[in-house]
Each structure stands twice: as structure tokens, then as C-alpha cells.
Amino acid sequence: MCGIMGCVGKTDIRKIILNGLAQQEYRGYDSAGLALRCPDGVRNIKIVGRVCQLAKLVEERASDCEGAVSGIGHTRWATHGGVTVTNAHPHESCDGMVTLVHNGIIENAREIRAELVRNGVTFVTETDTESPCQLLAQIYDGDALTAMSELCGSLTGAFALVIMFRDRPGEIWCARRGSPLVVARADGASYCASDPTALLDYTHDLFFMEEGEMAFLTSDGCKFFGFDGAERAKTSIRLDWDSVMTDKGRYDHFMRKEIEEQPDVLRLTIDAHTVVTSVDMAKSLKISSDVLKKIRRVQFVACGTSHYATLAARDIMESLDCELDIMTEVASEYRYRNIARGGDTLAVFVSQSGETADTLAAMRLASSKGAHCVAITNVRGSTIDREVEHTLLSLAGPEIGVAATKTFTGQVGILALLVLHLLKELGALSTNDEARLIGGLRSLPAKLQSMLEREPEIEALARKYSDSKGFFFIGRRECVPLTMEGALKMKEIAYLPSEAYAAGEMKHGPIAMLDEKLTVVALVPEGDLREKTLSNVEECRARNAPIILIATEGDEDARSYANDVIFVPRTERELFTLIGLIPLQLFAYHTARTLGRDIDMPRNLAKSVTVE
Ligand code: F6R
């Protein structure tokens, strides 16, 4: 949802801004721009297209950009106003006093615009962002701190704002409410960015701006203030990610690299929270045994792929026959349904980015009701990490591909362990089940690796079926979250219509859609539901749909039900998600590749959804 980069105090600011935008391009990529404060004024260069195109244009105008003392840049995911050069950021006030970039949505932009237009201000864009830009120029009378406070007090909605004033070269002003912004100091320079990964080339010690906070950046340092203008002391948080982790390396796409990293993610997760065959979360999760023993209700809340990870966790809990009241809900619904509860409730919020607006709002709601709240996030220092009562970090490392892959694996791994930890505290986990599932988890990284080695086979299938007009992903119980994730990956990166169905539901309507061009991918691992799922597969086959089965190794009989079969290693039934995922990810990846899609930056999407 838009990436911001700012820098003051370096000689190569132009390159720093462009580099920071390239690293955050997955946040939004329909247009891009940068503004440099040069000795004789501001150079504002914007394009519709990608950061590499912006870089080309900036290099053509390099001689024009010499001597810049500060700069701000932006890569956009359009919300208000079409994808045009005029609507691209940075925006400038009509008097040229203020240059500004913004991530978020200003909800009272129309009212501000109407008022300013009545007072003779000329607007040139269709964006909500132009309103704070023009308003700030009207308020500003030489006192930047007071003007910033007044501006922030007048805005409703979500914003991360980064601003340069014409008469203050060598200064950058920032404000944050609802959208992320991180500040850093290194080697006589100050930086700001939407995403910490953009700052790791300079330092690992980061200042995560809080809600309702402003910052003032110069080459001498950074100062932080509340919206009331009172200065605030702030300590940095160290982020141990390596900048090599954000490099594509030998891979064509980040997504492919991140798929490959999944065995390691799982290994790290298991090592961090287990001892031999026992779960051990006492150090990572600081909820006392006394509290956990009283939990009677568990609510899992998340969006998108993270929501599907919670469905897998629910299945594990149910399979262990605990008597807890379990609920899963997408955050955008949880907020508005009257279902948040306190007291004996453990509310678990899962968010890779830790910045998803709906998940944050849901967490705040549950917290206000008195639930014991835990966030599972991949980003230390993210908003959810800083606000929630308890955090469990998923150990996937930075994920750059817009489609989530390894973070899903990290989430399912840690959720499985959290479930075991909770049930153990409640006395609802037998030693046998604990040892069985932890043993199962420990055996998985090697199985995932062996699955990855079958890539050529899956690639060939992706080519064969890439002219399908769409896909149905079907399965029962533990496979249902996977059907959803498989369909979502296919939609996101291949843009092919894809539906996920509990296999038993097909005949209640969706089967009407089937014909020889609609391919059914059915998950039929061995176990009590294999036969029933295969009956549903037969019903699809009878309607001429091509069938791909994902079945357990050794299940040769599966071949007689399908056009093609992908075999996966045998695993504990509750952990099937973690192995069944790999062929689905690779299948979507290679389908998208065959169709020539932009895999790491699929159209219309952005990695971090910081608006409702
Ligand atoms: C899909 C995907 C999204 C995210 C969703 C939630 O590949 O990445 O569906 O899972 O936007 O994001 P987080 O986990 O950051 O809250």
C-alpha cells in the first residue's frame, strides 16, 4: 500500500531514494516518483510505471539533480485517483512551499479540498493526498513543528506523511497515524521508510514511529514528537535480518526463492519452540500458566493467506479433541460482527507484515474487551508487535514476493506449536500426541525438500494445464485450508479464475460449472476421508473435468481416478497442510510463469494492506 523513502545528509541521495523504492516496490507499483531538494529548488520527477523506469528518467536528468541535500520518494498503489503522472507522488502545494508523499487514506480529504478551493487554492490532482499537502502550505508560517501538529490534528483516516518545506533545505518532517513509518540514523545521515527492509543497507537499529507521532530528520539527528508538539524520547529496536535475505540471488523470482526457503523456516521454527519431543514455549510466549489454564475460548483472526494458516491451526485443535470453543474469522468481519470476547478468551492475530489495518483494528477491539491477545507476526517492530500484549515471531525472514509463501509455512508451524503449548497447559494433550506431532514436525523439513526436488514434474503439469479456463481446488477437513491457499495463489499470480471448495459441497451447486476446460485439483491424502473425497472426484470426472490429484506416496490406486497425480510424502494427518502446500505453490508459480505473468508484483496487489 505505497512505499515511502526519505533521506537527508548524504551526497548520493538520489541513488539512496531509488534503491529504497526498489526494495519497497512490492508495496505498490503502479507509479513512482521522487523529489530532491537541490541548491536552487526542488526537482520532482514522476512516472507511471516501475521504479526501474523512474531510475532511468532520473539518470537522464542527473546533471539537473546535483547537490541534493534531502530527498523523498514514493511508489504508489492507487486508492484515490487514477494511475497518472499527475496523481503520482510526491505532490507539491500550489505555492511550491510543501512537497509531500503519503501512504494511507485521508478520510476527510474532500471536506478539506472543498474548504481550500473556496479560499482560492487550486488543486491539480484527483488524490486524497493533495488535501494535506495544500492544507499544510496554508497553515505553515515558518514554524514547522506547530504547522505539522495542526495538520495532524485536522486529518482523519490513516497516514504516513513525509514532507519537505521549500525554505528548510536539509530537513525532512514525518508524521504517522495508521500507516507504518520507520526512521534510522547512520553515518551522519537520517533516513525514513515504510518498511524496515529498505533501511537494512544502512543500519539494523531502527526507530519505529508510534501512532500519533511526528519526526524531524536532519543530517545531525532525528527528533520525535507527539502530535501535541511535545518532544518524546525514543529507543531503537534492533532487527536481525541480513540485507542478503532481501536479495533475489540466483532465482528468477523472489517467490521461487521463498518457496525454496521453506524447509529452513520450518526447521528454525521447530528448533525455537521445542526440546526433543516436547513443546517449549515458556520463553517465547510470556503468558503465565495460570492464565492459560483458564482459557476456554480461542479466537483466531487474520486476513488472506494468514487466515488460511489459522484454519489449519483450528483443524489441529479439533483433531486433538479439546473442549475449547474455537473460532476463526477474517479480521475485516471480526471487527464488525459482535463476536469479540474477553475474560477466558485467547485471541490470536496472525499477520505476516504486522501492519494489516483490519487485523490491527481487530486486535485493538479484542484487547479492549479484555481478551488475552497474542500476535503472530514476521516483522519485529511492526505495529502489531509493538501494540499487542504478547508477540510470537514467525521466523521466515523478509518475504519480498507479493504472494505469501514461506511466511504461511512459518505461521502454520508456529500456530501448531502454540496449539500444543496451550493444550498442554490445559492438560488436554496426551504425551503420545505431543511426541507424535513434534516428531512429525521434525520430519517435515526433509520431506519438504524432497517435494521441492519434484519441481520439474510439477512444472510440466503447469504447462499442460495452463490453458485451462480456471481451476477448482477441492478437499475435505485438513485439506480445506489448502484448497483455499491453492486457489488464492492461482488467482493472485496467474489471474485464472480459481475456486476452493470443501469437496462435499461441489454437488450443491459449483459442479454446474464443470466441463473439459475447468481443471479440478483434488487433495486426497491417505486417511479416513480418502474414499469420500475420491467419490467427489468421480462426480467431477463424470462431468468431463480434467483431474489432478495430490495423493500420498504409494497410493498407486489414485492414478485410476485422475489424469495426473502428484505424490507427496506421508505425514501426520494434522500436518498435511505443510507438505500439501508445496505442490500447490509450485503449480501456481509455473502456471503464472507459463502465462508470462509478473510473478513478484502481480497486478492490482500490494504486499502490505494498510488501508481497510
Ligand atoms: C496472499 C497474501 C495476502 C496476505 C494478507 C494478510 O498471498 O499475501 O492474502 O496474507 O494480505 O497480510 P498480513 O499477513 O501481512 O496481515
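Quick look at the overall build of the protein chain
Here comes step 1: Assigned secondary structure in the protein chain consists of 18 helices and 27 strands.
Here comes step 2: With respect to the three principal axes, the spread of C-alpha positions in the protein chain is 75 × 55 × 45 Å.
Here comes step 3: Sorting the 612 residues of the protein chain into buried and exposed places 62% on the buried side.
Here comes step 4: Considering only contacts in the protein chain between residues 6 or more positions apart, those separated by 24 or more positions represent 72%.
Here comes step 5: Each charge sign in the protein chain was given a centre, from 68 positive and 86 negative side chains, and these centres are 1 Å apart.

Examining the site of the ligand
Here comes step 1: Lining the immediate environment of the ligand, one finds 15 residues, of which Ser306, Ser351, Gln352, Ser353 and Thr356 sit closest.
Here comes step 2: In this structure, an oxygen atom belonging to the ligand sits 2.6 Å away from a side-chain N or O atom of Ser306.
Here comes step 3: At 2.8 Å, a backbone N or O of Ala404 approaches an oxygen atom of the ligand.
Here comes step 4: The fraction of the free accessible surface of the ligand (410 Å²) that becomes covered by protein chains is 90%.
Here comes step 5: Among the elements of the structure, helix H9 (304-319) and helix H16 (480-494) are those that each provide at least two residues to the shell around the ligand.
Here comes step 6: A class-by-class count of the residues in the shell around the ligand yields 6 nonpolar, 7 polar and 2 charged.

Some remarks on the domain arrangement of the protein chain
Here comes step 1: Its domain assignment divides the protein chain into domain 1 (3-245), domain 2 (251-450) and domain 3 (455-594).
Here comes step 2: Using C-alpha coordinates to define each centre, domain 2 is positioned 26 Å away from domain 3.
Here comes step 3: Each side of the interface is counted separately: domain 2 has 31 residues, and domain 3 has 26 residues.
Here comes step 4: Taking both sides of the interface into account, the surface hidden between domain 2 and domain 3 amounts to around 2600 Å²; carbon and sulfur atoms contribute 66%.
Here comes step 5: Its largest share of buried area at the contact with domain 3, domain 2 owes to Arg256, Tyr308 and Asp315, together 20% of the area lost on that side.
Here comes step 6: Counting every contact that joins domain 2 to domain 3 gives 5 salt bridges.
Here comes step 7: The residue Arg436 makes a salt bridge to Glu572 at a minimum N-O spacing of 2.7 Å.
Here comes step 8: Viewed at the interface, domain 3 and domain 2 are joined by 12 residue pairs in polar contact (both at pLDDT 80 or more).
Here comes step 9: Of all the secondary-structure elements, those providing two or more residues to the side of domain 2 that touches domain 3 are helix H6 (254-260), helix H7 (262-273), H9, helix H13 (406-425) and helix H14 (431-452).
Here comes step 10: No other element matches H14, which puts 8 residues into the side of domain 2 that touches domain 3.
Here comes step 11: Here the residues of the side of domain 2 that touches domain 3 are counted per class, giving 17 nonpolar, 9 polar and 5 charged.

Comments concerning a nonpolar patch on the surface
Here comes step 1: On the surface, a cluster of nonpolar side chains totalling about 200 Å² of accessible area is made up of Val48, Val83 and Val85.
Here comes step 2: One can find Val83 in the loop between strand S4 (70-76) and strand S5 (91-92).
Here comes step 3: Val83 sits in the partly exposed class, given a relative accessible area of 39%.

Considering the pattern of salt bridges
Here comes step 1: Per the stated rule, a full pass over the model turns up 53 salt bridges.
Here comes step 2: Close ionic contact of Arg335 with Asp358 constitutes a salt bridge, the shortest N to O distance being 2.6 Å. Of the two residues, Arg335 is situated in the loop between helix H10 (331-334) and strand S20 (345-351) and Asp358 in helix H11 (residues 357-369); the sequence distance between them amounts to 23 residues. Like Arg335, the residue Asp358 is buried in the burial classification.
Here comes step 3: Here the salt bridges do not stand alone but share partners, grouping Glu210, Glu213, Arg232, Lys234 and Arg386 into one network.

Looking at the nonpolar core
Here comes step 1: Of all hydrophobic cores here, the largest spans 83 residues; its most connected members are Val298, Phe300, Met317, Leu324, Val348 and Phe587.
Here comes step 2: Domain assignment of the residues forming this core places at least three in each of domain 2 (251-450) and domain 3 (455-594).
Here comes step 3: With near-sequence residues (within four places) excluded, Val298 lies in contact with Met317, Leu324, Asp325, Ile326, Met327, Leu346, Val348 and Leu422.

What to know about the packing of helix H4 (residues 130-139) against helix H5 (residues 144-154)
Here comes step 1: At their nearest, the axes of H4 and H5 sit 9 Å apart, and the two run at 140° to each other. The pairing of H4 with H5 is recorded here as oblique in orientation. By crossing handedness, the relation of H4 to H5 is classed as right-handed. Side by side, H4 and H5 meet where Pro132, Leu135, Leu136 and Ile139 of the first sit next to Ala147, Met148, Glu150, Leu151 and Ser154 of the second.
Here comes step 2: Of the residues contributing to the contact of H4 with H5, the split by class is 7 nonpolar, 1 polar and 1 charged.

Regarding the sheet that holds strand S12 (residues 213-218)
Here comes step 1: Pairing within the open sheet is antiparallel, and its 7 strands lie in the order S5-S6-S7-S8-S12-S13-S14. This sheet does not close on itself; its edge strands, each paired only once, are S5 and strand S14 (231-232).
Here comes step 2: Pairing analysis gives 2 bridges linking S5 to strand S6 (residues 98-106), with the strands arranged antiparallel. The partner of His91 across the bridge, within S6, is Leu100.
Here comes step 3: This element, H4, spans S5, S6 and strand S7 (157-165) of the sheet and lies at about 135° to S6.

Digging into the side chain of Ser131
Here comes step 1: In this fold, Ser131 is placed in helix H4.
Here comes step 2: On the basis of relative accessibility, which here comes to 0%, the residue Ser131 falls in the buried class.
Here comes step 3: Sequence-distant contacts of Ser131, defined by excluding residues within four places in its chain, comprise Ala109, Ile112, Arg113, Leu116 and Phe123.

Description of the sheet that holds strand S2 (residues 31-38)
Here comes step 1: Strands sit in the order S3-S2-S4-S1-S10-S9-S11-S15 across an open sheet of 8 strands; the sheet is antiparallel. Looking at strand neighbours, the two that pair on one side only are strand S3 (41-48) and strand S15 (237-238), the edges of this open sheet.
Here comes step 2: Two strands pair when backbone bridges link them, and S2 and S4 are joined in this way by 7 bridges, in the antiparallel orientation. Each bridged residue has a counterpart across the sheet, and for Ala35 the counterpart in S4 is Ile72.

Thresholds, definitions, all that
- Residues numbered from 1 in each chain as written.
- Predicted model: local features only at pLDDT ≥ 70, side-chain atom pairs only at ≥ 80, totals over all residues.
- Heavy atoms only, no water.
- Helix = DSSP H or I, 4+ residues; strand = E, 2+ residues; numbered from the N terminus.
- Buried < 20%, exposed > 50% of the residue type's maximum accessible area, 1.4 Å probe, protein only.
- Contact = heavy atoms within 4.5 Å.
- Lys, Arg positive; Asp, Glu negative; His and termini not counted.
- Charge placed at Lys NZ, Arg CZ, Asp CG, Glu CD.
- Near = heavy atom within 4 Å.
- Polar contact = N/O pair within 3.5 Å; in protein donor to acceptor, adjacent residues only side chain to side chain.
- Areas by Shrake-Rupley, 256 points an atom, 1.4 Å probe, with all protein chains shown as cover.
- Nonpolar A, V, L, I, M, F, W, Y, C, P; charged D, E, K, R; others polar.
- Domains from an automatic or database assignment.
- Buried area = accessible area lost by both parts, 1.4 Å probe.
- Salt bridge = Lys/Arg side-chain N within 4 Å of Asp/Glu carboxyl O.
- Patch = residues over 30% accessible without salt bridge, like charges linked within 9 Å, V, L, I, M, F, W, Y side chains within 5 Å.
- Core = buried A, V, L, I, M, F, W, Y, C linked by side-chain atoms within 4.5 Å.
- Axes fitted to C-alpha atoms, helices over the stretch in contact; angles between N-to-C directions.
- Parallel < 35°, antiparallel > 145°, perpendicular 65-115°, else oblique.
- Left-handed = near helix turned anticlockwise from the far one by under 90°.
- Pairing = 2+ DSSP bridges.

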